[in-house]
Amino acid sequence: MSGAVDLSSLKQPPVPAGAGPEGGYTVTEADFETKVLRRSTQVPVVVALYSQRSPGSVELVQLLERLAGEGDGSWDLATVEAESNMRIAQAFGVQGIPTVIAVAGGQPLADFQGAQPEPQVRQWLGAVVDAVAGKLEGGEGEPQQPAEDPRFTMAEALLEQGDLAGAESAYESILEAEPNNVEAKAAVRQVRFLGRAQQLPDSAIATADADPGNVDAQLDAADIELFHQRPEAAFDRLIGLVKRTAGDDRTKVRTRLLELFELFDQSEPFVVAARRKLAAALY
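In what follows, the accompanying structure is described. As a convention, each chain's residues are numbered from 1 in the sequence order in which they are written. Only residues with pLDDT of at least 70 get local features here, since the model is predicted, and only at 80 or more are side-chain atom pairs given and counted; chain-wide, interface and lining totals rely on the full set of residues. The side-chain figures draw on all heavy atoms in the structure; neither hydrogens nor water molecules are used.

A short note on helix α2 (residues 55–70)
- If you check α2, its first and last C-alpha atoms are 23 Å apart, about what 16 residues at 1.5 Å a residue would give, namely 22 Å.
- Only protein chains enter the accessibility calculation, which uses a 1.4 Å probe; a residue whose area is less than 20% of its type maximum is buried, one above 50% is exposed, and one in between is partly exposed. For the purposes of this entry, the term helix denotes a DSSP run of H or I that reaches at least four residues, the term strand denotes a run of E that reaches at least two, and both are numbered from the N terminus. Taken together, the buried positions of α2 are occupied by Ser57, Leu60, Val61, Leu63, Leu64, Glu65, Leu67 and Ala68.
- We call two residues contacting when some pair of their heavy atoms lies within 4.5 Å. Where α2 is buried, its residues contact β2 (45–50), β3 (76–81), β4 (99–104), β5 (107–113) and α4 (118–132).
- Within two residues after α2, Asp72 carries a phi angle of roughly 55°, on the positive side. Take the residue count of a helix, subtract one, and multiply by 1.5 Å to get its expected span.

A closer look at the pairing of β5
- The sheet contact formed by β4 and β5 spans six bridges and is antiparallel. In the strand pairing of β5, Val100 is matched with Phe112.
- DSSP calls a pair of strands paired once it identifies at least 2 bridges connecting them. Following β4, the chain reverses through two residues before pairing antiparallel with β5; Gly105 in that reversal takes a positive phi of roughly 60°.

Quick notes on the packing of aromatic side chains
- Each Phe, Tyr or Trp ring, with Trp reduced to its six-membered ring, pairs with another whose centre is within 6.5 Å; inter-plane angles below 30 degrees give stacked pairs, above 60 give edge-to-face pairs, and intermediate values give tilted ones. With the rule as written, the count across this model stands at seven aromatic pairs.
- On the numbers, 4.9 Å between centres and 85° between planes, the contact of Phe112 with Trp124 is edge-to-face. One end of the pair, Phe112, is in strand β5; the other, Trp124, is in helix α4, and twelve residues separate them in sequence. Of the two residues, Phe112 and Trp124, both sit in the buried class.
- With centroids separated by 6.3 Å and ring planes inclined at 35°, the aromatic side chains of Phe235 and Phe270 adopt a geometry described as tilted. Of this pair, Phe235 sits in helix α10 (residues 231–244) while Phe270 sits in helix α12 (residues 269–282), placing them 35 residues apart in sequence.
- Under the relative-accessibility criterion, Phe235 is labelled buried at 1%.
- The structure contains a cluster of three or more aromatic residues connected by ring pairs, namely Phe235, Phe261, Phe264 and Phe270.

Some points on the environment of Ala102
- Residue position: Ala102 is located in strand β4.
- Residue class for Ala102 comes out buried when judged on its relative accessible area of 0%.
- Residues Ala102 and Val36, 66 residues apart in the sequence, show an inter-C-alpha distance of 9.8 Å.
- When sequence neighbours within four positions are dropped, the list of residues in contact with Ala102 reads Val45, Val46, Gln107, Pro108, Leu109, Ala110, Trp124 and Val128.

A short note on a negative patch on the surface
- Patches were defined on residues exceeding 30% relative accessible area and lacking a salt bridge, with like-charge contacts within 9 Å and nonpolar side-chain contacts (Val, Leu, Ile, Met, Phe, Trp, Tyr) within 5 Å. Where accessible areas are quoted, they stem from the Shrake-Rupley method and a 1.4 Å probe; at the residue level, only the protein chains shown are allowed to cover. By salt bridge we mean one thing: a side-chain nitrogen of Lys or Arg within 4 Å of a carboxyl oxygen of Asp or Glu. Charged-residue counts in this description rest on Lys and Arg as positive and Asp and Glu as negative, His and the chain ends being excluded. Note on charges: their place is set at NZ of Lys, CZ of Arg, CG of Asp or CD of Glu. A grouping of Asp130, Glu156, Glu160 and Glu183 is seen on the molecular surface, where their side chains present a negatively charged patch.
- With respect to the helices and strands, Glu156 occurs in helix α5 (residues 150–160).

Brief notes about the pairing of β4
- Of all six residues that make up β4, six are buried, and the element is covered over most of its length.
- Of the two faces of β4, the one lined by Thr99, Ile101 and Val103 and the one lined by Val100, Ala102 and Ala104 are each fully buried.
- Relative to β4, β2 runs antiparallel, the two being bridged by five bridges. Across the sheet, the residue bridging to Leu49 is Thr99, located in β4.

Overview of the packing of helix α9 (residues 215–227) against helix α11 (residues 247–261)
- To get an axis, a line is fitted to the C-alpha atoms, and for a helix only the part in contact is used. The angle between two axes follows their N-to-C directions and goes from 0 to 180 degrees. Where α9 contacts α11, the two axes come as close as 11 Å, and the packing angle between them is 10°. By the angle between their directions, the pair α9 and α11 is classed as roughly parallel. For the pair formed by α9 and α11, the contact residues are Val215, Asp216, Leu219, Asp223 and Leu226 on the first element and Asp249, Lys252, Val253, Arg256 and Leu260 on the second. If an angle is under 35 degrees, it is roughly parallel; if it is over 145, roughly antiparallel; if it lies from 65 to 115, roughly perpendicular; otherwise it is oblique.

Considerations on the nonpolar core
- Grouped together as the largest cluster of nonpolar side chains are 39 residues, with contacts concentrated most on Leu109, Trp124 and Tyr171.
- Only β2, α2, β4, β5, α4, α5, α6 (164–177) and α7 (182–197) provide two or more residues apiece to this core.
- It is α4 that contributes the most residues to this core, seven residues altogether.
- Ignoring any residue separated from it by four or fewer positions in sequence, one finds Leu109 in contact with Ala102, Val103, Ala104, Val128, Ala131, Val132, Pro150, Arg151 and Met154.
- Take the buried Ala, Val, Leu, Ile, Met, Phe, Trp, Tyr and Cys residues and link them wherever side-chain atoms come within 4.5 Å; each set so joined is a nonpolar core. Within the second largest apolar cluster, 22 residues are counted, among which are Phe193, Ala197, Ala234 and Phe270.

A look at the sheet that holds β2
- On the basis of which strands lie adjacent, the open sheet formed by five strands has the order β1-β3-β2-β4-β5 and mixed pairing. Looking at the sheet topology across the chains shown, the edges are occupied by β1 (25–26) and β5.
- As defined by bridge partners, β2 adjoins β3 across six bridges and the pair is classed as parallel. Within the sheet, the bridge partner assigned to Val46 lies in β3 and is Leu77.
- The sheet contacts of α2 involve β2, β3, β4 and β5, and relative to β3 the element is tilted by about 160°.

Read these as spatial facts, not as claims about activity.
Structure, rendered in structure tokens:
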């Protein structure tokens, strides 16, 4: 969500942040800046938008209140009754209740919608806290902005945890807000490649070598070679396959090869050399 919404319209004259429910505090449009935007420069603030008419959302808020009490100050919980604070819901682009958004450095960092089981909520909170560790002041005093873009930090934390689907979703949310973000585009390509390659057995290379005409087997073998940091071998395998195929098969191989090129800096000598070989194979 970060970068996709503008929270500046919710800024109001400061109002003292009084305590609300145990393990959290209530927030309205009048005190959103003090309790959420300003506070989020010190610790991440988890904003829970709920409705008293929705038992599921009330139960989620109760779960978050309990977890906030266990959080030892590593994050704050701000509960917002959506129906009486529609400007907050609109600012976040909320489409359903309950919706939970983590805010850090004054910007949305991550979100989820709908009731979730406790283990998933704990994992999500852990990823939020890890994403901003050492990047917020964490106490009273002059606020400090995150040293890095928290959206990428969140995605990288998910990637480190092995949650490839979550990382891909996080990077894609950046692209939804910034379609021309080069770093996010590259990250999505890398994550998709990792997700594909990690599903393949190491025997894929032997399988492909035993059946040179099997296009899918050759594509899998190239992925494994690249996964094991042998890009020249992967490129040569597919360029050779381009020479031996025609029609749809050739198009399929060429498309995959171009995708693999995009995983690297295009000025890398081995990429430049492979592109020249591909051009010669095609023409």
